[in-house]
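# Descriptive analysis of the structure
Here are the chains, one letter per residue:
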Amino acid sequence: MAAGKKVAAERGAWICFEDEAGHTLRPPKARTWAPRGTTPVIPVSGKGSGRISVAGLCCLRSGQRPHLLYRAKIHRGRKGERRSFAETDYAALLDAAHQYLKAPIVLIWDNLNTHISTAMRQLVAARDWLHVIQLPAYAPDLNPIESVWSHVKRSLGNLAVTTVDHLAAIVRNRLKRIQYRPNLLTSFLAQTGLTLEPEPH
C-alpha cells in the first residue's frame, strides 16, 4: 500500500480499490420483528434463476470527494453463459473510471485468476495511466470495497424478489444510495486502518 500511495502522489492519481460481489434470488437472512412465539416466514419464489455479479471501485484521492463506481452483469443461467466478469469487462470498468476521474489510476485488487491472467496483464500494459498493485493473499480487511458489499447485503436482508431483473434494479438502487454518501465511503477506508497520505521518509 505504501508503494501505491507513493505512485499516486507522484502521478496525481486516484487510488481505486476493486472487488466483486454476487447476489442471488435467495435473500440474505437478517434479524426481524415478530409476535412472541411466532417464527417469521418470508415467502421466496422457487421460480426463475440467475444471479447478479457486481464489480466495484472505491476511488480515493487525498483532499477529494471519494467515488463509488461499478458495473453490474445479469447472469440468466443460459447454457454456455459465463458466470463471472471477463478481462474485457474489467477493462471496460477501468476505462470508464479513467474517463470519469480524468486522472491516472492506481488499482489495488486481489489475486483472482482473472486479475492476474495473461490477457489481463496485456490489457493493463496497454494503459499507461494504470498502475496495478496486488493485495496480499487473504486480506479482505485491507479493501474498503468489502464494506460496501457488507452494507448492501445488510440492506437486502429478508427481501424477497420475484425476478433477477427485479433484484438487479434493487442492487443498483442500493449502490446509488452509497454513491451519494461520500462520508460513508470515507468511513469504509477508515475501517481498514489505511490512510491516503504517503509515508514520511
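Look above for the structure.
Here's a quick rundown of the structure.

So, how was this worked out
Residues numbered from 1 in each chain as written. Predicted model: local features only at pLDDT ≥ 70, side-chain atom pairs only at ≥ 80, totals over all residues. Heavy atoms only, no water. Helix = DSSP H or I, 4+ residues; strand = E, 2+ residues; numbered from the N terminus. Buried < 20%, exposed > 50% of the residue type's maximum accessible area, 1.4 Å probe, protein only. Contact = heavy atoms within 4.5 Å. Pairing = 2+ DSSP bridges. Core = buried A, V, L, I, M, F, W, Y, C linked by side-chain atoms within 4.5 Å. Phe/Tyr/Trp six-rings, centres within 6.5 Å; stacked < 30°, edge-to-face > 60°. Axes fitted to C-alpha atoms, helices over the stretch in contact; angles between N-to-C directions.

## Looking at the overall build of the protein
- Per the secondary structure count, the protein includes six helices and five strands.
- Listed N to C, the secondary structure of the protein is α-β-β-β-α-β-α-β-α-α-α in terms of helices and strands.
- Sorting the 201 residues of the protein into buried and exposed places 41% on the buried side.
- Of all intrachain contacts in the protein linking residues separated by at least 6 positions in sequence, the fraction that spans at least 24 positions is 75%.

## Observations regarding the pairing of strand β2 (residues 51-60)
- Of all ten residues in β2, ten are buried, a share of seventy percent or more.
- Here β2 shows no split at all, with R51, S53, A55, L57 and C59 on one side and I52, V54, G56, C58 and L60 on the other all buried.
- Note: strand β1 (residues 14-24) against β2, ten bridges, orientation antiparallel. Residue pairing for β2: A21 is matched across the bridge by V54.
- Linking β2 back to strand β3 (residues 67-75) in an antiparallel pair, the connection comprises six residues, with G63 at a positive phi of about 80°.

## A word on the nonpolar core
- In terms of nonpolar packing, the biggest core is built from 36 residues, with F17, V106, V148 and L175 touching the most fellow members.
- Residue assignment for this core shows that the elements contributing at least two residues are α1 (2-11), β1, β2, β3, β4 (105-109), α4 (145-155), α5 (164-179) and α6 (182-192).
- Ranked by residue count, the leading element in this core is α5, at seven residues.
- Ignoring any residue separated from it by four or fewer positions in sequence, one finds V106 in contact with G4, V7, A8, A13, W14, I15, C16, H131 and I133.
- In this structure, L69, L93, L101 and L130 belong to the second largest nonpolar core, which totals 20 residues.

## Details of the packing of aromatic side chains
- In the structure shown here, the tally under the stated rule is two aromatic pairs.
- Here F85 and Y90 contribute two aromatic rings whose centre-to-centre distance is 5.8 Å and whose plane-to-plane angle is 35°, an arrangement assigned as tilted. By the burial criterion, F85 is buried, and Y90 matches it.
- Between Y90 and W109, the aromatic rings sit 5.6 Å apart at their centres with planes inclined by 80°, giving edge-to-face as the arrangement. Residue Y90 is found in helix α2 (residues 87-101), and its partner W109 is found in strand β4; the two are separated by 19 residues along the sequence. A single burial state applies to Y90 and to W109, both of which are buried.
- Taken together, the ring pairs in this structure connect F85, Y90 and W109 into an aromatic cluster.

## Re the sheet that holds β3
- Overall, mixed pairing links the five strands, which are arranged β3-β2-β1-β4-β5 in an open sheet. Each having just a single partner strand, β3 and β5 (130-134) make up the two edges of the open sheet. When strand polarity is set aside, the average angle formed by the axes of neighbouring strands in this sheet is 25°.
- Both β1 and β4 contribute to a ladder of four bridges, which runs parallel. Each bridged residue has a counterpart across the sheet, and for W14 the counterpart in β4 is I105.
- In this fold α2 packs onto β1, β2, β3, β4 and β5, with an angle of close to 150° to the strand it touches most, β3.
- Set on the sheet, α5 makes contact with β1, β2 and β3; between it and β3 the angle comes to about 175°.

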